[in-house]
There are 2 protein chains.
Amino acid sequence: MESMTKWVYFFGGGKADGAADQKNLLGGKGANLAEMNRLGLPVPAGFTLSTDVCTYYYAHQRHYPEGLTDQVNEALRQVESMMGGRFGDPVNPLLLSVRSGARKSMPGMMETVLNVGLCSTTIPGLIAKTGNPRFVYDAYRRLIMMYSDVVMEKAAGVEPEEGKGIRLQLDHMLETMKKARGCVSDADLTAEDLQELVGRFKVKVKEVLGRDFPDDPVEQMWGGIGAVFASWNGKRAIAYRKIEGIPHEWGTAVNVQSMVFGNMGENSATGVAFSRDPSNGEKRFYGEYLINAQGEDVVAGIRTPQQVTIEGRKRGHSDLPSLEETMPPLYGQLVEIYHRLEAHYRDMQDIEFTIQEGRLWMLQCRVGKRTAPAAIKIAVDMVNEGMITKEEAINRVDPAALDQLLHPMLDPKAPKTIIAKGLAASPGAASGRVMLTADEAERAAEKGEAVILVREETSPEDIHGMHAAKGIVTVRGGMTSHAAVVARGMGRPCVSGCGDLQPLHIDFANKRFEVNGQVVNQGDWITIDGGKGHVMLGKVPTLDPELSGDFGQFMEWADSLRRMKVRANADTPQDAQVARRFGAEGIGLCRTEHMFFDGERIVAMREMILAHDVVGRRKALAKILPMQRGDFEGLFREMKGLPVTIRLLDPPLHEFIPHDEKGQAEMARTMEVSLEEVKRRVDSLKEFNPMLGHRGCRLGITYPEIYEMQVQAIMEAACGLVKREQFSIAPEIMIPLVGHVTELKYLTERCIAVCNRVMEETGVTLDYLIGTMIELPRAALAAAQIAQEAQFFSFGTNDLTQTTLGISRDDAGSFLTEYVGKGLIKQDPFVSIDQGGVGKLVKMAVADGQSARPGLKLGVCGEHGGDPASIHFFEEVGLHYVSCSPYRVPIARLAAAQAALARK
Amino acid sequence: MESMTKWVYFFGGGKADGAADQKNLLGGKGANLAEMNRLGLPVPAGFTLSTDVCTYYYAHQRHYPEGLTDQVNEALRQVESMMGGRFGDPVNPLLLSVRSGARKSMPGMMETVLNVGLCSTTIPGLIAKTGNPRFVYDAYRRLIMMYSDVVMEKAAGVEPEEGKGIRLQLDHMLETMKKARGCVSDADLTAEDLQELVGRFKVKVKEVLGRDFPDDPVEQMWGGIGAVFASWNGKRAIAYRKIEGIPHEWGTAVNVQSMVFGNMGENSATGVAFSRDPSNGEKRFYGEYLINAQGEDVVAGIRTPQQVTIEGRKRGHSDLPSLEETMPPLYGQLVEIYHRLEAHYRDMQDIEFTIQEGRLWMLQCRVGKRTAPAAIKIAVDMVNEGMITKEEAINRVDPAALDQLLHPMLDPKAPKTIIAKGLAASPGAASGRVMLTADEAERAAEKGEAVILVREETSPEDIHGMHAAKGIVTVRGGMTSHAAVVARGMGRPCVSGCGDLQPLHIDFANKRFEVNGQVVNQGDWITIDGGKGHVMLGKVPTLDPELSGDFGQFMEWADSLRRMKVRANADTPQDAQVARRFGAEGIGLCRTEHMFFDGERIVAMREMILAHDVVGRRKALAKILPMQRGDFEGLFREMKGLPVTIRLLDPPLHEFIPHDEKGQAEMARTMEVSLEEVKRRVDSLKEFNPMLGHRGCRLGITYPEIYEMQVQAIMEAACGLVKREQFSIAPEIMIPLVGHVTELKYLTERCIAVCNRVMEETGVTLDYLIGTMIELPRAALAAAQIAQEAQFFSFGTNDLTQTTLGISRDDAGSFLTEYVGKGLIKQDPFVSIDQGGVGKLVKMAVADGQSARPGLKLGVCGEHGGDPASIHFFEEVGLHYVSCSPYRVPIARLAAAQAALARK
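Residues numbered from 1 in each chain as written. Chains lettered and ligands numbered in written order. Predicted model: local features only at pLDDT ≥ 70, side-chain atom pairs only at ≥ 80, totals over all residues. Heavy atoms only, no water.

## Examining the overall build of chain A
Scanning chain A from terminus to terminus reveals 36 helices and 34 strands. Taking the principal axes of the C-alpha coordinates as reference, chain A spans close to 105 × 60 × 55 Å. Taking all 904 residues of chain A together, 59% fall into the buried category. Restricting the contact set of chain A to residue pairs at least 6 apart, pairs at least 24 apart contribute 67%. Within the structure as shown, chain A displays about 35500 Å² of accessible surface, and the carbon and sulfur contribution to it stands at 50%. Here chain A contributes 103 positive and 117 negative side-chain charges, whose respective centroids are spaced 1 Å apart. (Helix = DSSP H or I, 4+ residues; strand = E, 2+ residues; numbered from the N terminus. Buried < 20%, exposed > 50% of the residue type's maximum accessible area, 1.4 Å probe, protein only. Contact = heavy atoms within 4.5 Å. Areas by Shrake-Rupley, 256 points an atom, 1.4 Å probe, with all protein chains shown as cover. Lys, Arg positive; Asp, Glu negative; His and termini not counted. Charge placed at Lys NZ, Arg CZ, Asp CG, Glu CD.)

## With respect to the sheet that holds strand S9 (residues 269-274) of chain A
Residues and elements named next belong to chain A. On the basis of which strands lie adjacent, the open sheet formed by five strands has the order S11-S10-S9-S12-S13 and antiparallel pairing. Because the sheet does not close on itself, it has two edges, and the strands there are strand S11 (306-307) and strand S13 (359-367). As judged from the eight bridges shared by strand S12 (residues 349-356) and S13, these two strands associate in the antiparallel manner. Paired with Glu-352 across the bridge in S13 is Gln-364. (Pairing = 2+ DSSP bridges.)

## Some remarks on the relation of the copies chain B and chain A
For the pair chain B and chain A, the relating rotation is 179°, the translation along its axis is 0.1 Å, and the fit reaches an RMSD of 0.2 Å. Here the copies are linked by what is in effect a two-fold axis. Comparing interface residues between copies, 100% of those in chain B also sit at the interface in chain A, which points to an isologous, same-surface contact. (Least-squares fit on C-alpha atoms with pLDDT ≥ 70 in both.)

## Notes on the packing of aromatic side chains
By the definition in use, this model includes 36 aromatic pairs over all chains. Measuring from ring centre to ring centre gives 6.1 Å for Phe-596 of chain A and Phe-656 of chain A, while their planes differ by 75°; the resulting arrangement is edge-to-face. Of this pair, Phe-596 of chain A sits in the loop between strand S28 (587-591) and helix H23 (600-610) while Phe-656 of chain A sits in the loop between strand S29 (644-647) and helix H25 (661-671), placing them 60 residues apart in sequence. With relative accessibility at 0%, the residue Phe-596 of chain A sits in the buried group. Phe-656 of chain A sits in the buried class, given a relative accessible area of 0%. Centre to centre, the rings of Phe-873 of chain B and Phe-874 of chain B are 5.9 Å apart; their planes meet at 65°, and the pair counts as edge-to-face. When sorted by exposure, Phe-873 of chain B lands in the same class as Phe-874 of chain B, which is buried. One aromatic cluster is present, built from ring pairs that chain together Tyr-57, Tyr-58, Tyr-64, Trp-222 and Phe-229 of chain A. Positioned over the ring face of Trp-525 of chain A is Lys-539 of chain A, at 4.2 Å from the centre of the ring. When the ring centre of Trp-232 of chain B is taken as reference, the NZ or CZ atom of Arg-241 of chain B above it lies at 3.7 Å. (Phe/Tyr/Trp six-rings, centres within 6.5 Å; stacked < 30°, edge-to-face > 60°. Lys NZ or Arg CZ within 6 Å of the ring centre and 35° of its normal.)

## Looking at the interface of chain B and chain A
Every contact between the two is made by 46 residues of chain B and, on the other side, 46 residues of chain A. Contact between chain B and chain A buries roughly 4400 Å² in total, counting both sides, with carbon and sulfur atoms accounting for 57%. When the area that chain B buries against chain A is broken down by residue, the three leading residues are Phe-688, Leu-692 and Leu-781 of chain B, summing to 15%. At the junction of chain B with chain A, the criterion picks out two salt bridges. In this structure, Asp-834 of chain B and Arg-778 of chain A form a salt bridge, with 2.7 Å as the shortest nitrogen-oxygen distance. Counting every contact that joins chain B to chain A gives 28 residue pairs in polar contact (both at pLDDT 80 or more). Those elements giving two or more residues to the side of chain B that touches chain A turn out to be helix H27 (697-702), helix H29 (741-762), helix H30 (777-781), helix H32 (797-805), helix H33 (813-821) and helix H34 (835-852) of chain B. With five residues, H34 of chain B is the largest single contributor of residues to the side of chain B that touches chain A. For the side of chain B that touches chain A, a count of residues per class yields 18 nonpolar, 14 polar and 14 charged. (Buried area = accessible area lost by both parts, 1.4 Å probe. Salt bridge = Lys/Arg side-chain N within 4 Å of Asp/Glu carboxyl O. Polar contact = N/O pair within 3.5 Å; in protein donor to acceptor, adjacent residues only side chain to side chain. Nonpolar A, V, L, I, M, F, W, Y, C, P; charged D, E, K, R; others polar.)

Have a look at this one:
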């Protein structure tokens, strides 16, 4: 029976129906109000209408459940008896606030009504009781402004014309009166002014909204409650929930609470405080307050707030006295309370308080938001204080937030001229001179210039320029475009897709680009913030990150708790060095394609591509061999015996040939062949869908000599180091884009032959592995067979996502954003693994692969290897390691630890 | 124990160790020789070394199993006693033939040695016995020529220089002697000549091969046996097996049989015959023979063969007497034998016989090869004769062979000048004037010209030209290129990829193409044979196909036996008409994209693409609406109430915009916008991988107005017909490229709204279905969810193959052929479904879809819907229908019947 259901939860005077663990039912605010009561803290009495009421309300055409009214009345009676006043009473009136409170905080997204209960009968009583008519009329003014807006207009579904909303009109009347009276601030208006104003307000409300402002306290209360429930499905709230991934079914609770006033004179005040410093985590009480003010005044920033502590005042060089100085006993009480709350909740607290005529009331407490450095310091300190366990500490820090710690940041105080906005493709900030081609970028960098490379889009041909640059800007391409992926891999800041968001045109003829009429010439200084997607004029000073001792301690704990290894995707000794510094335990993906680009190599590579037969190709490849051997030596040396997975050549050959006529002509000249011949070859290599084309192991099969050369270089490098320097090395040779076990078998046999030959020639025996990427749906489906030939699987979830979903990541920009916006998918599947599709294939492949080959090594080397949500999935599936870009290694280490804890 | 294993199977004198059902063990030839003995037919005695010997031989470094020699000797003794002669006997010598005989016939791929047993001791005896020294020396000459080539050179692994093979040298000596003696044919050489020649032969053999020609009959026999086994792994045989898909493990049997001679005089003869006419299936005994000749003479075509029957002689207007006339009793015996064999094997027989000195010997019988028309006539006749069941009849015809019956053919007797060879992309022959652009092709066709469209490659922009043309030639693209797929769909002959096989260059400036120096101008006549991949100069006369009464009867039986329905992929009323004529039971895929191309539509479509907002787009679409409504009306009318599945717009928008500057300029002029604007839009639509791009339902989601217009056109057409003409119509609306159920849900809701609106407006209630294509791996993986929203699944196995395997079919040419060649994959996965990958997904989707929605309708509309092997798979999986191009409908009907029978 519905009448049996408990819809309303009372709190007050040290008692509460609810508690902190009932956030789902009471919302965060309601649960904590209840809990503070249970702790015996001074909280204005009130009651919470549960989220179930909201659910019921929306399931029943906005009707309330039976019995709700009775339960509210009953709770209200309890509140009255606790607070010693009566709602609507002409002599001793009680005022109420009506506020929302969802499971998860949605700041500013839902409605609040204060001062509920003021009406023609209670106003004189309250004036008599407080002896302060100005305070009372001011409170009434606020009630009318809020209520007419929130309840009478918004919740009632009135849609005013632009600029004709009731709130705006009343604001305007207030301003007009202030002007007429020559007042600067609201506080300058007298009781009489305000009395006159509320009279006019009521006329205006009737005129605009066609209804009288309600004079019945009970009607006001229910109006407020209804407005809060209605605001759950307001446009702003829905949009916010979509972004934050909060389910629409959750609903909100409504908290009805006795009003207390910080604006009843010099012995009243209101403030917010944190039990530790939220910006750096220091263990010090930190807060701000205002004397004779209401909460909204603190938030609105009309008056300069004062520090709560003396120490805070001194640090801030403030002349305004601290609460510690103005109201020492109340300050003492507040300190005691925050200590109790922090000890009770075992986490840093964000509290709101009001002092009404010398009496302290707690209005809210919750776990405080904090910066990444603060999160780490607080977690480490609390473990050291014995307050929490290491496991709890690990779970308290959002891995994604670590990113803030690892990249240079723009000096927040420096002035900035933002000229373009694009996608925040790779975090960090960098300044440099604009260069419009990779070659020019490289040349400038060689001269010691800091360079920002600005391109239409990037391709593997630009890698040397991207390496040379401090940061990258592209006109086209999304979060997972070539530029974005490579930049994240290199740890270079990158702003991509500037053409979509803020049209940016490159004018190659005049070596400049133009954005919104602003012309920037090659060689001009610009600064980019890849964490925000901003491009700025000139040189904005940056601050270097500091990996503090707390960070090291924290990551050590994370490492001790995780099961999965974390490797890095690194192509060069430089990348490997960064990776090692960030704690990588090996290289999970070394892409070898750039080893064909630099300097003479590209000449030899093009010679190979133009060769008419295998003899010609071998001759060309022989020139590249010693250089690649050197590359691998450098990598092995840097990784000091840790495993290194090397992917054999993957991209299609056309990526190694210039696509423009000029480049082709130059190539023809260098190669000493006719332009015709170059063009013919270019034409024959052209592909409709390069992603699904002649690449990966397909190249290895049609031109076995390429992989043979690479394997020879790998093994000669490894065997040489073992022989000369007693290194221990375990190279893992990875064959890309396998779909059929026959492909892998064909290539594995050839690779083994080369390995054996090199080992025989050098007299060194080496434990090496040969494995494959699982990056095609067919590979996942045929995992049982492929595992017969593969010693390891590395899930290439980038390409696996592209093929499974049939989405080219380079082209997805035109619809993926809209998909997320329309709620068709929750997240960009290139950012967080699509568990319902790609994840299913990964699961199948893991199970089939392991049952075919017990002990099969399993890892992931796609972008998802650095995404916390995906890492949780990989932990569940049982992979042995994840591999990600060097700058994401700490994030992956932490996420892997959290995933391991979650699994227990 | 090995010695217990039976390796050798004797046959002769009405007895045999083996029987017809032991083809796997004895090979086809050996099994049938055994069977003929069991039937009491006159067969020269002999024995078969089983395929197990071959397997053993290759598994044991080419050694024979223990006990084989004893078993051969034992069998040889039985042969001797049966034939009344002795192998190697100086007085009454027996000669042997040694022939291969695999499970499946591999004509000409393996070796044969005849006349084994002739040597210095047996030659005089045989001369004495036959009184015919010329015959004996001629036989010896043949033995030396065959044996030295096959055994002493090939099987021994001798690799002679080009032109220095022993066979060539001996041939040359034979010719030299003939010249010296002034002889025209071998038969003119005397016994003495031949005796001299064999003497020289032996010297030559010793000189070239370094060994004496063996003079020991037993050595000769084992040499022959070894050569046959060795030839199983000869290059030719391996290549043949790859093409025919015969497993290398099967091995061959060896048949050692007593020689009989058709060249022992005028009372000897040899011949081949068929129990029914293999070219048209007529029930008449048909064969050819030669008097005084050996079997190889018939095959070699040196002498004009004579007809076996009088009727045959008359039909062939031959002056040479028939066997029926020259040897009436033996003819009578042969007729009796063929009747017995046909009745016994219950199929048309291909027999070989030899008459030695008035005695008839049967050397071989097997099921006869036949043309497609013959196969159908024989099957139908045999059912009518009560010889076989309908089921057997259905299983006797290769569905792929039906293709021969459905397209016009080139007159085989007409002279042809082949100027280029490409891929046989779409069968049939056509002649027409060369046109190099779709527009010109259309214009010429409008004037009543027959046109062959010759293009670099085709795209959806060329569709009108392809429709207008009688046939299509492309320079680039494989068997599954756009041109090939569309041409097959339209039933147009097509030769694709002419540039790869025989470089063909189009010279657009001079409106001509050039191939191997031959220039063909626009407007010149050419003829193409899409079944062979030939392009010919001029007009080659063609013959129209005739769908005979037998064909109709046969297909009726097939229809009665199959479970799956067969629909056609048809886009226009014309296509639909062809489809209906070929027995389609509905349309499984109507691609709507071409409905946006013709005439004014493309103008409106481009207007939509250039529009800045939804209002502009709707305005443009409104112009297309009535035309599409007309298209659908035509289609519904043609299909007379059969189900019609209509796929909403699928290709990316850039396919509707010209890609060349000239076309863009023209478009800008027509649209009255600047070229700049057109170019900007073209740029913004450019995609790296269009296959994985902004197409299918992704378009429908970003531009809902497109699908809304299409659904409106469909429903208005359907409701209008129902209202005006009392039609019964069940349109099936198909949403392409769905990966997430959310996409389908989003679009389904919108489609239903439009349907309801149209039904309300017209007052007609219609049963319509909304379903989806399953063409992405993710769709298959999420089938359980998708089935919640979809009323049917149609597997789009073309795209599903592309994505699952990660292979762009337009780009696969550069490696897929090599994959097949290297044995990495058995078949082009775009021709026959990849059961290990794509098939797994189909299976999963069927199971998950059906359990989520019992009664879910399941079909396939990819190219695989017309491939017999794939159809077997779809039957196993339990699809409800297959859909294929109209010209493949009969093939699919037959294959579906065979699949249903196989399942039972």
